[in-house]
Amino acid sequence: MKTPHEITTSKGKKGKRFSWKMLGIGILILIMCGLVGGWSLWQHHTRQISTQAIYALLDTRANGLRHKNLAQYLSCFSSSYQSKTQTFSDLQASAARWFDQFATIHVTFHVLDIQFEGKRALVENRYKFSLTDADGETLELAQRELLQIHRERGEWKIIQSLSLQ
């Protein structure tokens, strides 16, 4: 019994008939696999670039603190920043007080986790401060924080922070 794709030649040999339909289905499958694979690579690449941008944002924030550069420090935050107890204006006033109060500010951070959700990211971070006042007294602070970051005019900005124990 012949199948739809099987033919018998004039010499009695059996062979396969060329089918445009089967070729089209094969090409469609290859295209779909390419799109899925390409999409996966694109997402991975985008996350890698976003991760690098978030590290750069946190570096900028830390350098703003170290150099007591208020404009640089505040550039890391959205103007709509809101934490439990602070707005952007409160954050600006607090940073200005710190810069006046402490002769040196040393800060280090270690990112524990980044989770992306579209144009937002949640960053779990551990930071350490070593603050020295004009009299040479040193204050050490270490804490974990959870930052909510979002893309604002093409840049990542901190819109909320929460200190964790």
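This text follows the structure it describes.
In this text, all values refer to a predicted model and were calculated from it rather than measured experimentally. (Residues numbered from 1 in each chain as written. Predicted model: local features only at pLDDT ≥ 70, side-chain atom pairs only at ≥ 80, totals over all residues. Heavy atoms only, no water.)

### Concerning the overall build of the chain
Secondary structure summary: the chain contains three helices and six strands in total. Helices and strands in the chain line up, N terminus first, as β-β-α-α-α-β-β-β-β. Out of the 165 residues belonging to the chain, those deemed buried represent 29%. The long-range fraction of contacts in the chain, counting pairs at least 24 apart against all pairs at least 6 apart in sequence, stands at 46%. (Helix = DSSP H or I, 4+ residues; strand = E, 2+ residues; numbered from the N terminus. Buried < 20%, exposed > 50% of the residue type's maximum accessible area, 1.4 Å probe, protein only. Contact = heavy atoms within 4.5 Å.)

### Thoughts on the packing of aromatic side chains
Within the structure shown, the criterion is met by seven aromatic pairs. Three or more aromatic residues link up through ring pairs in this structure, and these residues are Y73, F77, Y81 and F99. (Phe/Tyr/Trp six-rings, centres within 6.5 Å; stacked < 30°, edge-to-face > 60°.)

### Concerning the nonpolar core
Among the nonpolar cores identified, the biggest contains 29 residues, and I54, F77, V123 and I149 are the most heavily contacted of them. Elements with a minimum of two residues in this core: α1 (20–66), α2 (70–74), α3 (88–101), β3 (102–117), β4 (120–133), β5 (138–152) and β6 (155–164). A per-element tally of this core places β3 first, with six residues. Among residues more than four places away in sequence, those in contact with I54 are I114, F116, A121, V123, I149 and W156. (Core = buried A, V, L, I, M, F, W, Y, C linked by side-chain atoms within 4.5 Å.)

### Structural notes on the pattern of salt bridges
The tally for this structure, following the rule as stated, stands at four salt bridges. When the shortest N-O distance is used, the salt bridge between R61 and E145 registers 2.5 Å. Taken together, the residues span a long stretch of sequence, with R61 in helix α1 and E145 in strand β5 at a distance of 84 residues. Its relative accessible area of 12% is what places R61 among the buried residues. E145 gets classed as buried once you look at its relative accessible area, which sits at 6%. Note that K157 is salt-bridged to E155, the shortest N-O span being 3.5 Å. Relative accessible area serves as the criterion here: at 12%, K157 is assigned to the buried category. For E155, a relative accessible area of 45% translates into the label partly exposed. (Salt bridge = Lys/Arg side-chain N within 4 Å of Asp/Glu carboxyl O.)

### Things to note about the side chain of S130
Residue position: S130 is located in strand β4. Exposure remark for S130: the relative accessible area of 17% places this residue in the buried category. Only 3.0 Å separates the side chain of S130 from the side chain of E140, close enough to count as a polar contact. In contact with S130, not counting residues within four places along its chain, are T104, I105, H106, T138, L139 and E140. (Polar contact = N/O pair within 3.5 Å; in protein donor to acceptor, adjacent residues only side chain to side chain.)

### Observations regarding the sheet that holds β4
Within the open sheet, the four strands sit side by side as β3-β4-β5-β6. Their pairing is antiparallel. If you trace the sheet from one side to the other, it starts and ends with β3 and β6, each paired once. Sheet twist, expressed as the mean angle between neighbouring strand axes with direction ignored, is 30°. One ladder, built from 14 bridges, connects β3 with β4; its direction is antiparallel. Bridging from a neighbouring strand, H106 pairs with S130 of β4. The sheet contacts of α3 involve β3, β4 and β5, and relative to β3 the element is tilted by about 145°. (Pairing = 2+ DSSP bridges. Axes fitted to C-alpha atoms, helices over the stretch in contact; angles between N-to-C directions.)

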